[in-house]
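Each chain is listed here by its residues.
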Amino acid sequence: MRQNLHTHSTYCDGINPLEEMVLKAIEKRFDILGFSGHGPIREDYAMSIEGTRKYIEEVKLLKEKYCDLISIHLGVEEDSTNRMWVKEPFEYVIGSVHTMHHDGMTMPIDYNRGILECINETWYGADFRKLAKDYYEDVIRMKDWDEVDIIGHIDLITKYNEDESFIKFDDPVYVKYACEAIDAFAGKKIMEVNTGAIARGNRKTPYPYKNLLSYMHEKGVQIVLNSDCHDCEYLDCAFEETLQMIKSCGYRSMMVFRNGTFEEEDIEIFE
Ligand SMILES: [Zn+2]
Ligand SMILES: [Zn+2]
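Residues numbered from 1 in each chain as written. Chains lettered and ligands numbered in written order. Predicted model: local features only at pLDDT ≥ 70, side-chain atom pairs only at ≥ 80, totals over all residues. Heavy atoms only, no water.

Participant: Just checking my understanding: could you explain the coordination of the zinc ion (ligand 2) for this structure?
Facilitator: Six octahedral donors around a metal ideally make angles of 90 or 180 degrees; four tetrahedral donors ideally make 109.5 degrees. Bound to the zinc ion (ligand 2) on the protein side are H6 (NE2), H8 (NE2), E77 (OE) and D228 (OD), at distances that span 2.1 to 2.3 Å. Metal-centred angles of 78 to 165° between the four donor atoms at the zinc ion (ligand 2) mark the site as irregular. The metal-metal distance between the zinc ion (ligand 2) and the zinc ion (ligand 1) is 3.3 Å, with E77 coordinating both. Highlighted residues: E77 in strand β3 (residues 71-79) and D228 in the loop between β9 (223-226) and α8 (239-248), separated in sequence by 151 residues. Accessibility classification places E77 together with D228 in one group, the buried group. (Donors = N, O, S within 2.8 Å, 3.2 Å for Na, K, Ca; no water. Tetrahedral: all angles 85-135°; square planar, octahedral: opposite > 155°, others 65-115°. Helix = DSSP H or I, 4+ residues; strand = E, 2+ residues; numbered from the N terminus. Buried < 20%, exposed > 50% of the residue type's maximum accessible area, 1.4 Å probe, protein only.)

Participant: Looking at this structure, how should I read the environment of G34?
Facilitator: Secondary-structure assignment places G34 in strand β2 (residues 32-38). The residues contacting G34, other than those within four sequence positions of it, are N4, L5, H6, T7, H73 and Y92. (Contact = heavy atoms within 4.5 Å.)

Participant: Can you help me understand the coordination of the zinc ion (ligand 1) in this one?
Facilitator: Around the zinc ion (ligand 1), the protein contributes the donor atoms E77 (OE), H98 (NE2) and H153 (NE2), at 2.1 to 2.2 Å from the metal centre. Donor residues for the zinc ion (ligand 1) sit on one chain with the sequence pattern E-x20-H-x54-H.

Participant: Can you help me understand the sheet that holds β3 in this one?
Facilitator: Pairing between the strands of a sheet is mediated by backbone hydrogen bonds and can be parallel or antiparallel. Within the open sheet, the seven strands sit side by side as β1-β2-β3-β4-β7-β8-β9. Their pairing is parallel. Edge positions in the sheet fall to β1 (3-4) and β9, since each has one partner strand and no second. Alignment of β1 against β2, held across two bridges, turns out to be parallel. For N4, the partnering residue across the bridge sits in β2 and is L33. (Pairing = 2+ DSSP bridges.)

Participant: Can you walk me through the environment of K176 in this structure?
Facilitator: Note that K176 resides in helix α5 (residues 172-185). According to the relative accessible area criterion, K176 is partly exposed, its value standing at 46%. Along the sequence, K176 and R258 sit 82 residues apart, while their C-alpha atoms lie 34 Å from each other.

Participant: Would you explain the pattern of salt bridges in this entry?
Facilitator: Close approach of charged atoms lets side chains of opposite charge pair. Taken as a whole, this structure holds 24 salt bridges when the rule is applied. A salt bridge links E233 to K24; the nearest nitrogen and oxygen atoms lie 3.3 Å apart. Of this pair, E233 sits in the loop between β9 and α8 while K24 is found in helix α1 (residues 18-27), placing the two residues 209 residues apart along the sequence. For E233, a relative accessible area of 46% gives the class partly exposed. E117 is the partner of R113 in a salt bridge, and the nearest nitrogen-oxygen pair spans 3.1 Å. Linking R113 with E117, this pair stays in helix α3 (residues 113-124), spanning four residues, or about one helical turn. (Salt bridge = Lys/Arg side-chain N within 4 Å of Asp/Glu carboxyl O.)

Participant: Got a minute to help me understand α3 in this structure?
Facilitator: One turn of an α-helix holds 3.6 residues; hence residues three or four places apart share an orientation. If you check α3, its first and last C-alpha atoms are 16 Å apart, about what 12 residues at 1.5 Å a residue would give, namely 16 Å. Within α3, the full set of buried residues consists of I115, L116, I119, N120, W123 and Y124. One face of α3 carries all of its buried residues, which in axial projection span an arc of 135°. Away from the buried face of α3 by more than 90 degrees, exposed residues E121 and T122 are located. With a side-chain oxygen lying 3.0 Å from the backbone nitrogen of G114, the N-terminal cap of α3 falls on N112. Where α3 terminates, the next one or two residues include G125, which has phi positive at roughly 55°. (Expected span 1.5 Å × (residues − 1). Arc of directions from axis to C-beta. Polar contact = N/O pair within 3.5 Å; in protein donor to acceptor, adjacent residues only side chain to side chain.)

Participant: Help me understand the packing of α1 against helix α2 (residues 49-65) in this model?
Facilitator: For any two helices packed against each other, the geometry comes down to the angle between their axes and how far apart the axes lie. Two elements in contact, α1 and α2, have axes whose closest approach is 10 Å; the angle formed by their N-to-C orientations is 35°. Crossing hand, α1 versus α2: right-handed. Of the residues in α2, those in contact with L18, E19 and V22 of α1 are Y55, E58, V59, L62 and K65. Here the contact of α1 with α2 is composed, by residue class, of five nonpolar, no polar and three charged. (Axes fitted to C-alpha atoms, helices over the stretch in contact; angles between N-to-C directions. Left-handed = near helix turned anticlockwise from the far one by under 90°. Nonpolar A, V, L, I, M, F, W, Y, C, P; charged D, E, K, R; others polar.)

Take a look at the structure:
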């Protein structure tokens, strides 16, 4: 079983047209490919409203065209700054926070290291714990958003923290805030293990960091493995190592999207 439910395209900030991504997924022997274009917000990385209409139509066409070779699904990555409220016409929704807010200003946390440093220094006096508190409080809001199935990259604020220059991954105060978010989603939402920052060369390990993933397992949080793909060459980026990490954190199952719903499957079928 090979599945990726977090896939971008040229309709937003990905580099491949939808069909190119489908063909690569077939070549890489994927069984399930879900597209998750950035839902429309006023940012250049997101789909436009008109683009979203075309995206929906094209995914539906590709779903039919390749139905004998791969299961294609129409998803969306809902941005926390523009709640959609309803799932339709999408089959599933990934809910993600990409920005931080302060005094009426909004800044992206994952655009580059300099912006994150700027947010940390000017808004939080270089106290990353305070930044983390605000970030995870924002993430937690999605716990009651009924349209959201999957929580995207829970610890995205650590994208530029491979060297732990912003925060130690095991900093107890930081970990407490992150675990409060996990507590909020336990039993309500699926969470993703996301290898996107590995593909981009920012990180060596996926979101979430392994101490958080172990905590998620303790709390019975169900997971999917996604590559947050923006370039078809990285559709299965670090999947093998990450599967080992997932197992080492105690997981024996992951979720598969099938017949319009998420089903729990033994982790062995992914190997
Ligand atoms: Zn995202
Ligand atoms: Zn994404």
